[in-house]
Each structure stands twice: as structure tokens, then as C-alpha cells.
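Structural overview for review
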Amino acid sequence: MAQPRKADSSVSTARELKGTKPLIRPSQGLRAVVIGGGTGAPVSIMTLLSLGMQTNAVVAMADDGGSTGILREEAQVTPPGDVRKCLNAFAGDHEKPMTQAFRYRFEFARNHTLGNLMLATLEMATGSFVEAIDVCEKLLDARGHVYPSTLDLVTLIAQTRDGKVLRGQARASASETALAKVWLESAQDCEPYDQAIKAIRDADLIVLGPGSLFTSIIPNLLVPGIVDAIRASQGKTLFICSLADMQGETWGLSAREHVEVLLDNGMGGLLDYVLIHSALALKPDDPLEERYYAALGEKGPGPVPLDVSDERIAAGIRPISVSYGDVRAIQARGPVVLVRNLVDEKRPTWHDPHALREAFQGVLKLCRLLPT
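Everything numeric in this text was worked out from a predicted model, so none of it was measured.

Scoring rules and cut-offs
- Residues numbered from 1 in each chain as written.
- Predicted model: local features only at pLDDT ≥ 70, side-chain atom pairs only at ≥ 80, totals over all residues.
- Heavy atoms only, no water.
- Salt bridge = Lys/Arg side-chain N within 4 Å of Asp/Glu carboxyl O.
- Helix = DSSP H or I, 4+ residues; strand = E, 2+ residues; numbered from the N terminus.
- Buried < 20%, exposed > 50% of the residue type's maximum accessible area, 1.4 Å probe, protein only.
- Axes fitted to C-alpha atoms, helices over the stretch in contact; angles between N-to-C directions.
- Parallel < 35°, antiparallel > 145°, perpendicular 65-115°, else oblique.
- Left-handed = near helix turned anticlockwise from the far one by under 90°.
- Contact = heavy atoms within 4.5 Å.
- Pairing = 2+ DSSP bridges.
- Arc of directions from axis to C-beta.
- Polar contact = N/O pair within 3.5 Å; in protein donor to acceptor, adjacent residues only side chain to side chain.
- Core = buried A, V, L, I, M, F, W, Y, C linked by side-chain atoms within 4.5 Å.
- Expected span 1.5 Å × (residues − 1).
- pLDDT = per-residue confidence, 0-100.

This brings us to the pattern of salt bridges. Per the counting criterion, the structure on display carries 10 salt bridges. A salt bridge links Asp134 to Lys138, with the nearest nitrogen and oxygen atoms 2.7 Å apart. One end of the pair, Asp134, and the other, Lys138, are both in helix α7 (residues 129-139), 4 residues apart, so they sit about a helical turn from each other. Across the pair Arg333 and Asp264 runs a salt bridge, and its minimum N-O distance is 3.4 Å. With a gap of 69 residues between them, Arg333 in the loop between α15 (324-332) and β15 (336-340) and Asp264 in helix α12 (residues 255-267) connect regions that are remote in the sequence. Owing to a relative accessible area of 56%, Asp264 belongs among the exposed residues under this scheme.

Here's what the structure looks like:
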């Protein structure tokens, strides 16, 4: 008989951070909110929890691929996938049987995860996606709340840099060329979820990412009221740029271009800090790593880590480039940029949990939420 398999990187990150000492006391009441979706937001959630911050998540509702897409289309339910991933990250005990079962994926049953099926079934049983999330939070002993940015069924539309229009999050994320912009179909009919708005307004730290820029982070900002809530918050904002490109949507975009896209999608004047990965100490007039881009048959947009292996090039994993000039240009638009070596050496698309935790500590000190 076929057996379900585990399919969530949250477990590895949780094990890496297990035993780390919280730096923030519960009595301090410091609150964070992570805005995003996909596989990136859980990394920030678990890092913030390890530091002792009261943490919630606001999650995009545009997902229409894989198991989520099937349930959305055939069962007419709210997309559960990104919510399920964040619930996994909030789980009180990642080794608990219920938590393990929640993240099981059934390859013999259209690749559904049990968590997706539970959220969908509970929504149909109760008539409320919010109640479905609440039940799952209790089952997992969740250490924070997951809030959809909207409860409306939204559809993401994307335009590529060569002019093609793609309908749907799944098609946009798999674009053959980088995206130029995205928007929500009938955005005027979309309303924000009130608890998501409250979580953002009450936060001391608002974290965007890491994650897919156009299909996980920005769809939240396109929901009317979300950017207004960020503006109304007294909290500081942090954008964590992704480590590498494995999808078409940002293929070839530099870290500077990632930030510029974010600023042009409502975050202009609202972004305080940007965290970018580089394995090199940046300095003026850094040379390009010609071998890397020659293997891709193109000219590189800027310096990249010099330890990029031929195997990683062949696998289509491209570190997002950043140069000294990029940092200067980003800071000229307002945000403070922190460049750190954040990559997990064994898994080049994953953040090293301890390196990311240390970087978060630096941001919290700059925010004066931790003593220097």
C-alpha cells in the first residue's frame, strides 16, 4: 500500500533552531507580522518565534496551482496552500504526530496534502475559512495566527517584460521571462480581512518575505487596505530578498530591481530595511564573475558569489546579484541595506537558519527593539 510522504522544509528549519535562546521576554510584548506566502514566509515565522517575538502572518490568496488549484476549482474553496505552510511553521511541536500528519502529501491522490484537505473540508463543514484555520491552529498548538489578506477569491494577472499577459498565479510564477507587473482581477471588488489589517497595524516589525516577489509578496499589497495598514502602523518594515532564482518570474532581476519593484507597488517611503544575501564583501567596482554568466549564455547584471558550482548552474539555480552600486542606489531611495551571507551551503535555495536569525537580531537592534 502506498504511503504518504513528508514534503515540508519547515521541519529542517525547526530542528536547526530548536534550543536557541529567545532574546525577547514575553513581558516585552513585541509583535511581528510576516507578509507573504509560499515557502518563504515560514522561514521568517520560525526565525521570529525563535527570538521570542509574538508573531502572526498575513498570507496571499492568489494561489491556483497544484493541490490548492484543484481544490479551489473543483471544491470552490478558499486557497489553502499558503495558509497550510504557515500553519506548519507555527506548529508548537514539529515532531508531534498530528503535525506530521498535517504536512503529509499523498502522491497517489493527486498530490494533495492532508493539511490542504483538512482546511478545505473544514471550510465546507463550517461555511467559514476563518473557522477552518482556527480549528487547525488548535490542532497544531500554533504559536501564532495565520490571517488571509482577503477572504475574496482573487485572480492574479501578470504582464511579462516582453509584453505577454498571463492569467493565474501558477502561470505567472512559471513565466519563461521576468514579469514587469501584476494586478488583481476586479481588485475594486476585493476587501481586506479585518484581522489581517489589525495584525499589521499593531506590529512592531513588519517583515515582507522571503519568497516569490510577484506571486507571494506583492499580491498581498494589491489588496485594498493592506498598504494603508502598513502606513498606519508604528512598526518598522523589513524586506528579505530571495537568495536565488528558480522560477521565471524574476529571472535575471538583480536585488536592486527586486527592491525597486516592491517600492513601485505601494512600498515607496514605507520600507525601512532591506536584507540581501551575498557571499562576498561588496566594495566599489566589484568585478563580474564572468564564468557564471558565460555558462548561462548571457551578460551578468552584477557581481555574484564566486563559489557558484557548475552543478548549480546546470540546475538553473542563479543567485540574485547585488553590487556596491546597487546598495548605494537602494539606500538613495530610503531603506537601510544589510548585506549578509545567508545561504545554506548544502541547500543553495534555502536560508541558513542561524545566519538569518543573526541578521534579524541586527535589524531588531537597529529598530531599538533589542539593546545594542
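What follows covers the packing of helix α10 (residues 213-221) against α12. Direction vectors running N to C along α10 and α12 enclose 25°, while the axes themselves pass 10 Å from each other. Taken together, the axes of α10 and α12 lie roughly parallel to each other. Crossing handedness for the pair α10 and α12: right-handed. Two secondary-structure elements touch here, α10 through Leu213, Phe214, Ile217, Ile218 and Leu221 and α12 through His258, Val261, Leu262, Asn265 and Met267.

So, on to the sheet that holds strand β8 (residues 165-167). Strand order across the open sheet formed by 3 strands is β8-β7-β9, with antiparallel pairing between neighbours. Each edge of the open sheet is held by one strand with a lone partner, namely β8 and β9 (179-184). Taken over all neighbouring pairs, the strand axes of this sheet differ in orientation by 20° on average, direction set aside. Across 5 bridges, the pairing between strand β7 (residues 156-160) and β9 is antiparallel. Bridge pairing links Gln159 to Lys181 in β9. In this fold α10 packs onto β7 and β9, with an angle of close to 40° to the strand it touches most, β9.

Three or more residues of α7 are buried, namely Phe129, Ala132, Ile133, Cys136 and Glu137. All buried residues of α7 project into a common sector of 140° when viewed along the axis, lining one side. On the buried face of α7, the contacting elements are α4 (81-90), α5 (97-102), α6 (114-126) and β6 (146-148). Looking at where α7 begins, the residue whose side-chain oxygen comes 3.3 Å from the main-chain nitrogen of Val130 is Ser128.

So, on to the nonpolar core. Of all hydrophobic cores here, the largest spans 103 residues; its most connected members are Leu205, Phe239 and Leu262. Residue contributions to this core peak at 7 residues, all from helix α2 (residues 41-51). In this structure, Leu205 is in contact with Arg31, Ala32, Val33, Leu48, Met53, Gly235, Lys236, Leu238, Phe360, Val363, Leu364 and Cys367, ignoring residues within four places of it in sequence.

It is worth spelling out helix α16 (residues 353-366) at this point. For α16, spanning 14 residues, the distance from its first C-alpha to its last is 20 Å, which sits close to the expected 20 Å at 1.5 Å a residue. The set of residues buried in α16 consists of Pro353, Ala355, Leu356, Arg357, Ala359, Phe360, Gln361, Val363 and Leu364. Looking at the buried residues of α16, the elements they touch are α1 (10-17), α2, β10 (205-208), β11 (236-240), β13 (273-277) and β15. Looking at where α16 begins, the residue whose side-chain oxygen comes 3.1 Å from the main-chain nitrogen of His354 is Asp352. Within two residues after α16, Arg368 carries a phi angle of roughly 65°, on the positive side.

Another point: the confidence of the model for the chain. The share of residues in the chain with pLDDT of 70 or more is 87%, and the mean pLDDT across the chain is 87. Scored below 50 in pLDDT, residues 1-7 shows 15 contacts in the model against residues more than four places distant or in partner chains.

Overall, parallel pairing links the 7 strands, which are arranged β6-β3-β2-β10-β11-β13-β15 in an open sheet. Edge positions in the sheet fall to β6 and β15, since each of these pairs with one other strand and no more. Strand-to-strand twist in this sheet, taken as the mean axis angle between neighbours without regard to direction, amounts to 20°. As judged from the 5 bridges shared by β13 and β15, these two strands associate in the parallel manner. Looking across to β15, one finds that Tyr273 is bridged to Val336.

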